[in-house]
Amino acid sequence: MEKIRVLLAEDDSNLGKVLTSYLEVKGFEVDLFQNGELAMRSFMINHYDLCLLDVMMPVKDGFTLAKEIKTQNDKIPILFLTAKNMQQDVLEGFDIGADDYITKPFSMDELLVRIKAVLRRTDPALIGEQQQTFFTVGKYTYDYTRQILSFEDREQKLTSKEAELLRLLCEKKNDILDRSMALKKIWNDDSYFNARSMDVYITKLRKYLKDDPNIVLMNVHGIGFKLVDAK
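The structure displayed is predicted, hence computed values, not measured ones.

Q: Explain the overall build of the protein chain to me, please; I cannot follow it from the model alone.
A: Within the protein chain, the secondary structure is distributed over eight helices and twelve strands. Its C-alpha radius of gyration of 18 Å places the protein chain within 12% of the 17 Å reference for a compact globule of 231 residues. Along the first, second and third principal axes, the C-alpha atoms of the protein chain reach 55 × 40 × 40 Å. With 231 residues in all, the protein chain has 48% of them scored as buried. Of the roughly 11,800 Å² of accessible surface on the protein chain, a fraction of 50% belongs to carbon and sulfur atoms. Counting 33 positive and 37 negative side-chain charges, the protein chain places the centres of these two groups 4 Å from one another.

Written out as structure tokens, the structure is:
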């Protein structure tokens with residue numbers, strides 16, 4: 001299998017070298033650029049499977065670069081590296097078409113998990129995985145690849161974590177999804193803080209699924225969750 005080729009745009013030279021070395025050890029091929037203009041020039045003449053883009057860069061920032069990349073290839077996955085954890089930045093990134101973001105400082109292992117999750121959604125064959133990507137739950141249809149939950153003529157775009165969590169629930173439909181397993185798979189650990197975060201996402205998914213009375217997203221006390229399709 002050919003190596004997964006990554007376009008990395010990061011103006012911090014030390015961090016860029018660390019990321020490049022780590023990803024190359026993990027089997028990726030990485031092209032590193034320290035500003036968005038150089039990165040875009042390379043994108044125009046080379047093939048990439050994934051883009052890792054720092055938000056704050058000289059010459060051309062990550063959001064501008066992402067917009068230009070998406071005009072050339074709207075299918076390529078983009079993961080933002082950001083030092084700012086402000087809501088408007090996150091929303092702007094997703095609005096552009098980002099698949100995920102990670103806030104600095106982050107661990108290399110967390111980055112790898114997020115990269116694999118993004119590739120799993122967009123092109124599982126790249127990481128040697130095949131999985132179901134389309135689900136029917138009551139009157140809803142869920143396209144995991146596009147991260148879209150549909151009900152009649154309405155579509156709900158999901159965030160990356162919402163998409164991952166709903167996929168796990170759909171795969172376990174009418175069965176129990178173990179809380180700890182879901183936390184480790186999506187958040188990479190089952191800490192109390194992450195568990196509270198997952199509860200927030202569960203509440204959001206309940207809201208998205210409320211239009212079909214046959215669908216119930218249950219808490220199974222002390223164990224996990226169950227997506228019940230009573231149809």
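Q: Would you explain the packing of helix 6 (residues 160–171) against helix 8 (residues 192–208) in this entry?
A: When two helices pack together, you describe them by how their axes are tilted relative to each other and by the distance separating the axes. Contact pair helix 6 / helix 8: the axes reach a minimum separation of 10 Å and the direction vectors enclose 75 degrees. If you check the angle between helix 6 and helix 8, you find them roughly perpendicular. Contact residues: Lys161, Glu162, Leu165, Leu166 and Leu169 in helix 6; Met198, Tyr201, Ile202, Lys204, Leu205 and Tyr208 in helix 8. Each residue belonging to the contact of helix 6 with helix 8 can be placed in one class, and the counts come to eight nonpolar, no polar and three charged.

Q: Please clarify how the pairing of strand 3 (residues 50–54) should be interpreted in this entry.
A: Residues in a regular strand project their side chains so that they alternate between the two faces of the sheet. Most of strand 3 is tucked away: five of the five residues are buried. Neither face of strand 3 is exposed, since Leu50, Leu52 and Asp54 on one face and Cys51 and Leu53 on the opposite face are all buried. Examined bridge by bridge, strand 1 (residues 5–9) and strand 3 share four bridges and lie parallel to one another. Within strand 3, the position partnered with Ala9 by the bridge is Leu53. When strand 3 meets strand 4 (residues 78–82), the two strands line up parallel, connected through four bridges. Within strand 4, the residue paired with Asp54 across the bridge is Leu81. Handedness of the crossover joining strand 3 and strand 4 through helix 3 (residues 62–72) is recorded here as right-handed.

What counts and what doesn't
- Residues numbered from 1 in each chain as written.
- Predicted model: local features only at pLDDT ≥ 70, side-chain atom pairs only at ≥ 80, totals over all residues.
- Heavy atoms only, no water.
- Helix = DSSP H or I, 4+ residues; strand = E, 2+ residues; numbered from the N terminus.
- Rg over C-alpha atoms; globule rule 2.2 N^0.38 Å.
- Buried < 20%, exposed > 50% of the residue type's maximum accessible area, 1.4 Å probe, protein only.
- Areas by Shrake-Rupley, 256 points an atom, 1.4 Å probe, with all protein chains shown as cover.
- Lys, Arg positive; Asp, Glu negative; His and termini not counted.
- Charge placed at Lys NZ, Arg CZ, Asp CG, Glu CD.
- Axes fitted to C-alpha atoms, helices over the stretch in contact; angles between N-to-C directions.
- Parallel < 35°, antiparallel > 145°, perpendicular 65-115°, else oblique.
- Contact = heavy atoms within 4.5 Å.
- Nonpolar A, V, L, I, M, F, W, Y, C, P; charged D, E, K, R; others polar.
- Pairing = 2+ DSSP bridges.
- Right-handed = clockwise from strand over helix to strand, strands pointing away.

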